[in-house]
Amino acid sequence: MPVAVRALSGRRESRRRIERPPAHWGALVLLLAFLLLLLMAEGFAEHLTGSSGTPPPQGDAVLPSREALFAARGDHLVPDEVAPGRRLALTFDDGPDPTWTPRIAALLLRLHVPATFFVVGDRVVRYPGIVADLARKGFEIGSHTFTHSDLIGLAGWQRDLQLSLTDSAIAGAAGVRPRLVRPPYSATPKAVGATAERAYAAVARDGYLIALSNFDGEDWRRPGVRRIVAGATPPGARGGVILLHDGGGDRSQTLAALARLVPELRRRGFRFVPLSTLAGLSPAEADPPVGGYERVRGELLIGALTAARLITEVLAFLLIPIAVLAVLRALVLVAFARRHAGGYRRASRDADFEPPVSIVVPAFNEAEVIEQAVRSLAGSEYSELEVIVVDDGSADRTGEIVAGLGLEQVRVLTEDNRGKAAALNTGIAAARHDLIVTVDADTVFEPRTLRRLVKPFQDGQVGAVAGNTKVGNRGRLLGRWQHIDYVMGFNLDRRLYDVLRCMPTVPGAIGAFRRSALDGVGGFSGATLAEDTDITIALGRAGWRVLYAEDAIAFTEAPSTLSALWRQRYRWSYGTMQAVWKHRRAVLEGGEGRIGRVGIPYLLLFQVLLPLLAPLIDIFTLYGVVFLDPVATLAYWLGFNVLLLGLALYAFRLDHEPLRPLWSMPLQQFAYRQLMYLVVIQSVISATRGARLRWQHVERTGEVGTVG
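Calculation criteria
- Residues numbered from 1 in each chain as written.
- Predicted model: local features only at pLDDT ≥ 70, side-chain atom pairs only at ≥ 80, totals over all residues.
- Heavy atoms only, no water.
- Phe/Tyr/Trp six-rings, centres within 6.5 Å; stacked < 30°, edge-to-face > 60°.
- Helix = DSSP H or I, 4+ residues; strand = E, 2+ residues; numbered from the N terminus.
- Buried < 20%, exposed > 50% of the residue type's maximum accessible area, 1.4 Å probe, protein only.
- Axes fitted to C-alpha atoms, helices over the stretch in contact; angles between N-to-C directions.
- Parallel < 35°, antiparallel > 145°, perpendicular 65-115°, else oblique.
- Left-handed = near helix turned anticlockwise from the far one by under 90°.
- Contact = heavy atoms within 4.5 Å.
- Nonpolar A, V, L, I, M, F, W, Y, C, P; charged D, E, K, R; others polar.
- Pairing = 2+ DSSP bridges.
- Polar contact = N/O pair within 3.5 Å; in protein donor to acceptor, adjacent residues only side chain to side chain.
- Expected span 1.5 Å × (residues − 1).
- Bend = angle between axes of the 7 residues up to and from the residue.
- pLDDT = per-residue confidence, 0-100.
- Salt bridge = Lys/Arg side-chain N within 4 Å of Asp/Glu carboxyl O.

Asker: Which residues make up the packing of aromatic side chains, and what values go with them?
Answerer: Geometry of an aromatic ring pair is reported as the spacing of the ring centres plus the angle between the planes. Enumeration over the complete set of coordinates arrives at ten aromatic pairs. Note on Phe92 and Phe117: the rings are 5.0 Å apart at their centroids and 20° apart in plane angle, and the pair reads as stacked. In this pair, Phe92 is assigned in strand β3 (residues 87-95) and Phe117 in strand β4 (residues 115-119), connecting sequence segments 25 residues apart. Assessed through its relative accessible area of 0%, Phe92 is described here as buried.

Asker: Quick rundown of the packing of helix α17 (residues 477-500) against helix α22 (residues 594-613)? Include the residues and the values.
Answerer: Contact geometry of α17 with α22 gives a least axis separation of 11 Å together with a crossing angle of 160°. What the angle tells us is that α17 and α22 run roughly antiparallel. In terms of crossing hand, the pair formed by α17 and α22 is right-handed. Where α17 approaches α22, its residues Asp493, Leu496, Tyr497, Val499 and Leu500 are matched on the opposing element by Arg594, Val598, Gly599, Tyr602, Leu603 and Gln607. In the contact of α17 with α22, the residues fall into seven nonpolar, two polar and two charged.

Asker: Can you explain the sheet that holds strand β12 (residues 385-392)? Please cite residues and give values.
Answerer: Spatial strand order, β13-β12-β11-β14-β17-β16-β18-β15: eight strands in an open sheet with mixed pairing. The open sheet has two edge strands with one neighbour each: β13 (410-415) and β15 (444-445). Most of the contacts of helix α13 (residues 370-378) go to β12, to which it runs at about 160°, and overall it touches β11 (357-363), β12, β13 and β15. Against the sheet, α17 engages β16 (462-471) and β18 (545-556), with an angle of about 155° to β16.

Asker: Could you give an account of the environment of Thr147, with specific residues and numbers?
Answerer: Turning to its location among the elements, Thr147 is positioned in the loop between β5 (140-143) and α6 (156-174). Separated by 37 residues in the primary sequence, Thr147 and Pro184 have C-alpha atoms spaced 9.5 Å apart. At 2.5 Å, the side chain of Thr147 and the side chain of Ser149 are in polar contact. Here the side chain of Thr147 touches Gln162 through a polar contact of 2.9 Å, side chain to side chain.

Asker: If you had to explain the pairing of strand β17 (residues 511-514) to someone new, which residues and values would you point to?
Answerer: Sheet faces and side chains relate simply in a regular strand, where the side chains alternate between the two faces. Burial along β17 is two-sided: Gly511 and Phe513 and Ala512 and Arg514, pointing in opposite directions, are all buried. Note: strand β14 (residues 435-438) against β17, four bridges, orientation antiparallel. What sits directly across from Val437, in β17, is Ala512. Both β16 and β17 contribute to a ladder of three bridges, which runs antiparallel.

Asker: Run through α17, naming residues and quoting values.
Answerer: If you check α17, its first and last C-alpha atoms are 34 Å apart, about what 24 residues at 1.5 Å a residue would give, namely 34 Å. At Tyr486, α17 is bent by approximately 30°, the largest bend along its length. In terms of burial, α17 is largely enclosed, as 20 of its 24 residues are buried. Arg501 occupies a position one or two residues after α17 and carries a positive phi of about 60°.

Asker: Requested: an account of the packing of α17 against helix α20 (residues 562-582), with residues and values cited.
Answerer: Remark: α17 packs on α20, axes separated minimally by 12 Å, with the N-to-C direction vectors making an angle of 20°. In terms of orientation, α17 and α20 fall into the roughly parallel class. Pair α17 / α20 crosses with right-handed handedness. Here α17 contributes Leu478, Gln482, Asp485, Tyr486 and Phe490 to the contact with α20, which in turn contributes Leu562, Leu565, Gln568, Arg569 and Trp572. Partitioned by chemical class, the residues of the contact of α17 with α20 number six nonpolar, two polar and two charged.

Asker: A description of the confidence of the model for the protein chain should follow, citing residues and the corresponding values.
Answerer: Low pLDDT means the predicted atomic positions in that stretch should not be read closely. Overall, the predicted model of the protein chain reaches an average pLDDT of 82, with 84% of residues at or above 70. Note on residues 49-54: pLDDT is under 50 here. Beyond four places in sequence and across chains, it has 14 contacts. With pLDDT under 50 throughout, residues 220-230 is counted as low confidence; its partners more than four residues away or in other chains account for 22 contacts.

Asker: Tell me about the pattern of salt bridges, and please be specific about residues and values.
Answerer: If you walk through the whole model with that rule in mind, you get 25 salt bridges. Across the pair Asp434 and Arg515 runs a salt bridge, and its minimum N-O distance is 3.7 Å. Taken together, the residues span a long stretch of sequence, with Asp434 in the loop between α15 (420-430) and β14 and Arg515 in helix α18 (residues 515-520) at a distance of 81 residues. Looking at Asp434, the relative accessible area reads 53%, which means it is exposed. The closest approach of N and O atoms between Lys470 and Glu657, which form a salt bridge, is 2.9 Å. Here Glu657 lies in the loop between α24 (630-654) and α25 (665-668) and Lys470 lies in strand β16, a separation of 187 residues in the sequence. This pair shows no difference in class: Lys470 is buried, exactly as Glu657 is.

Given below as structure tokens:
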């Protein structure tokens with residue numbers, strides 16, 4: 001085929017094969033925004049709530065203590081018109097309560113006593129069915145604000161929000177809009193000073209009727225019942241409004257008092273009426289029904305806040321296993337890394353063991369890096385080796401560059417683009433020797449790397465060996481972050497896998513295989529995006545040992561842009577999930593060695609589940625700083641990051657790496673980690689959708705080289 005036609009064919013095949021993974025950024029942004037909005041709503045509803053009760057007066061009282069219902073006249077409150085007579089209205093604050101409100105309502109129905117329940121909007125959201133039941137049974141519903149907040153200290157828009165949210169919640173639950181409002185902390189006229197009067201007058205100007213109490217029914221729970229009955233209506237009052245509570249603690253005494261006092265008050269000539277009757281309102285005027293739009297809006301509010309509460313509670317509960325998993329993983333990694341270091345130093349191997357080796361390098365559009373990689377491989381301090389570069393349909397000069405090097409032990413095989421797994425199998429089939437080393441086209445070996453990599457094959461049970469991959473282009477911030485990730489993540493994990501004999505991945509950048517082991521599992525498969533994990537698990541299931549040679553160091557070029565990093569890690573993450581699913585029988589049946597009993601479960605737990613849960617730490621840090629104790633919250637977050645830093649220090653010491661790059665680790669928590677979390681989330685979404693993707697090519701810059 002002429003060169004021009006061959007290149008054009010390669011370009012067409014390149015466009016077909018390099019299918020960009022769908023990032024679904026819009027969906028992810030909407031998901032995160034929705035989660036944050038729910039957390040903000042839950043934080044507002046839960047953590048801005050004050051305690052219930054009747055505080056002492058705020059300065060001199062400005063309202064007549066014998067009155068209970070007030071309307072607005074400018075900035076002042078004036079008594080509302082109340083029809084005369086020996087009439088009492090029972091009112092209950094701080095509910096609904098799932099235990100006491102239904103029991104109190106049932107007792108009132110048996111006694112044929114009407115009542116008004118001043119409900120807290122947040123609790124209406126929690127128990128909408130109770131409020132709906134109260135309305136159906138004829139009880140009046142009043143507003144006690146949304147979070148039981150003191151209206152005096154709030155700005156005008158905050159007061160409006162407190163009342164409008166409560167109105168919407170009541171509308172969604174019961175289909176009515178309350179006109180009666182009882183401000184928290186000012187249940188009686190004696191508790192209302194000049195400042196409070198101005199705040200409440202502003203509320204009344206919006207069409208609400210301020211309902212206070214001229215008799216504190218909480219005294220009913222105490223001894224001296226007959227004295228209280230005698231003073232049930234303050235002298236000069238045209239009606240008595242009695243304050244009780246159906247929420248905020250044990251209300252059994254309230255039930256007992258109602259059962260005793262209602263009959264006695266009736267014998268004394270008092271008549272119980274709805275609060276609206278004292279105000280000269282009809283029930284429809286006190287609780288006017290709402291239209292369809294307001295009802296739907298209220299139902300949406302209840303649904304959204306209910307979902308927010310549920311999600312918040314679930315996420316808060318998950319913080320415990322996240323912390324346990326993080327600490328447990330750190331302890332386990334350190335323990336097994338120490339054991340690996342001691343055992344590895346004591347291992348004795350024949351210094352003269354140096355069997356012939358075939359190195360297979362799959363390459364696709366690697367013109368920027370292929371020369372450096374091939375020269376480093378060919379320059380290895382090794383007696384007998386061959387390097388086979390498989391040009392997998394490159395559209396650039398990859399094959400020509402290798403052929404032009406003129407290196408005796410290097411040859412080039414050219415084929416149409418079929419993917420990395422197929423290229424590896426082509427190179428293995430053409431290899432002359434029984435030990436196969438697979439290397440990515442951007443990988444640079446140290447002179448002694450090859451010898452160290454193959455030494456574990458002295459043990460006939462060893463089917464594969466994983467080398468120590470390091471980031472070669474770590475001069476920029478993104479490269480440093482990936483360098484930290486490789487040292488404290490991948491390499492610590494491989495030490496643990498090595499000790500437990502359950503290695504799940506021999507990295508594509510540097511790995512060695514016994515030909516008979518590869519033949520026994522059918523070679524590399526293109527069924528997953530992580531062909532290295534796929535074949536390593538297959539070897540473990542077949543009974544082969546897979547070891548880690550920490551002194552066999554290879555330098556690879558890490559992605560230099562966030563988009564390239566996303567594509568690479570997405571391929572790794574999604575490919576790992578594919579490989580685990582492909583080999584799920586090893587876990588379900590548990591009879592195929594440690595890879596199924598230990599390796600795959602550990603992989604799922606710490607490379608899928610933990611990254612899925614880890615963002616909660618950052619989300620709840622923001623949540624805690626805004627709504628909870630910021631000092632305790634930041635202490636928790638800092639403790640988590642100190643744990644990671646300690647783990648990084650130990651990992652760098654084991655790898656004999658300088659500690660200078662660790663200065664960038666705190667910054668890593670604000671960008672790099674979040675990207676890794678999103679990669680796992682996106683991979684899970686793709687796995688759920690059953691998406692099929694092809695081998696992704698990462699653009700190269702040629703900046704890699706050996707370090708040190």
